[in-house]
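Now for the letters of each chain:
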Amino acid sequence: MRIKKSFNVAIIVGIAALVMAFSSCGEDSPENAVAVQDFDLNNYIGKWYEIARIDFKHEKNMDNVTAEYYLNDNGTVRVVNRGYDFVDGKWKTSEGTAKFRGATDEGALKVSFFGPFYSGYTIIALDPLYQSALVVGKNYDYLWILSRDITIPDETRFEYLAIAEDLGYDTDKLVWVEHDEY
């Protein structure tokens with residue numbers, strides 16, 4: 001009888017842990033970060049250079065970081081991130097999948113590099129020609145400035161920094177990515 005109770009408790013604890021794990025893989029963004037409207041995925045597809053980011057473990061010690069987006073036949077997006085780890089002296093690549101969280105004309109997506117676990121990818125600023133973008137993740141630990149070129153104009157940089165700061169991001173944490181290898 002005790003074994004059966006212990007087994008049932010273990011099952012309940014296991015299910016609760018799974019529920020918490022899945023719920024902690026948020027697909028959203030901070031509440032006040034609003035996705036761009038009239039978004040056109042076809043214009044976003046292609047290669048982007050990471051200009052700046054709030055550093056996190058998967059990009060630590062990386063320069064020359066790029067993200068390439070490819071449209072899949074099923075409407076999802078193949079994501080290929082690549083960067084040079086200057087400590088290990090190696091190029092690293094990670095592939096994932098992105099899909100819309102809702103309407104396909106809003107810059108609110110979710111991306112997964114680890115199976116069924118998705119996280120928010122919200123484009124909150126985008127120039128009309130799709131040459132630069134400001135992207136946030138699920139919380140204030142994730143922020144990227146992207147460009148189609150290895151630099152962005154100062155005016156755009158200052159605009160994106162102001163937007164991020166107004167939303168509550170600590171832009172002093174940004175790592176400015178060097179692009180010296182193409």
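Here goes a summary of the coordinates provided. (Residues numbered from 1 in each chain as written. Predicted model: local features only at pLDDT ≥ 70, side-chain atom pairs only at ≥ 80, totals over all residues. Heavy atoms only, no water.)

Helix and strand content of the protein: 3 helices and 9 strands. Shown N-terminal to C-terminal, the secondary structure of the protein runs as helices and strands in the order α-α-β-β-β-β-β-β-β-β-α-β. Among the 182 residues that make up the protein, the fraction classed as buried is 39%. In the protein, once contacts between residues fewer than 6 apart in sequence are set aside, the share between residues at least 24 apart is 53%. With an accessible surface of roughly 10800 Å², the protein has 54% of that area assigned to carbon and sulfur atoms. (Helix = DSSP H or I, 4+ residues; strand = E, 2+ residues; numbered from the N terminus. Buried < 20%, exposed > 50% of the residue type's maximum accessible area, 1.4 Å probe, protein only. Contact = heavy atoms within 4.5 Å. Areas by Shrake-Rupley, 256 points an atom, 1.4 Å probe, with all protein chains shown as cover.)

Moving on, we come to the side chain of Asp127. As for its placement among the helices and strands, Asp127 is situated in the loop between strand E6 (117-126) and strand E7 (132-136). Of the side chains with opposite charge, Arg148 comes closest to the buried, unpaired Asp127, at an N-O distance of 7.3 Å. At 2.4 Å, the side chain of Asp127 and the backbone nitrogen of Gln131 are in polar contact. With near-sequence residues (within four places) excluded, Asp127 lies in contact with Ser132 and Tyr160. (Lys, Arg positive; Asp, Glu negative; His and termini not counted. Salt bridge = Lys/Arg side-chain N within 4 Å of Asp/Glu carboxyl O. Polar contact = N/O pair within 3.5 Å; in protein donor to acceptor, adjacent residues only side chain to side chain.)

Attention shifts here to the pairing of strand E5 (residues 108-114). Within E5, 5 of the 7 residues are buried, leaving the element largely enclosed by the surrounding structure. For strand E4 (residues 90-100) and E5, the ladder comprises 4 bridges, and the chain directions are antiparallel. Across the sheet, residue Thr97 finds its bridge partner in E5, namely Ser112. Strand direction decides the pairing type here: E5 and E6, joined by 5 bridges, are antiparallel. The residue bridging Val111 from the neighbouring strand is Ser119, located in E6. (Pairing = 2+ DSSP bridges.)

Take the environment of Tyr160 next. Take Tyr160: it is sitting in helix H3 (residues 154-167). Overall, Tyr160 belongs to the buried group, its relative accessible area being 3%. In this structure, the C-alpha to C-alpha distance between Tyr160 and Leu134, residues 26 residues apart in sequence, is 6.4 Å. With residues near it in sequence (within four places) discarded, Tyr160 still touches Ala125, Leu126, Asp127, Ser132, Ala133, Leu134 and Ile145.

For Asn74, the position within the fold is in the loop between strand E2 (62-71) and strand E3 (77-85). The exposure class of Asn74 is exposed, given its relative accessible area of 61%. A sequence separation of 25 residues divides Asn74 from Lys99, and the C-alpha atoms of the two residues are 10.0 Å apart. Separated by 2.6 Å, the side chains of Asn74 and Thr76 make a polar contact.

In a regular helix each residue adds 1.5 Å, so 14 residues correspond to 20 Å; H3 covers 20 Å between its end C-alpha atoms and thus fits that length. Within the span of H3, buried status applies to Thr156, Tyr160, Leu161, Ala164 and Leu167. Taken end-on, H3 shows its buried residues confined to a sector of 130 degrees, consistent with a single buried face. Facing away from the buried surface of H3 by more than 90 degrees, the exposed residues are Glu155 and Asp166. Gly168 sits one or two residues past H3 and shows a positive phi near 105 degrees. (Expected span 1.5 Å × (residues − 1). Arc of directions from axis to C-beta.)

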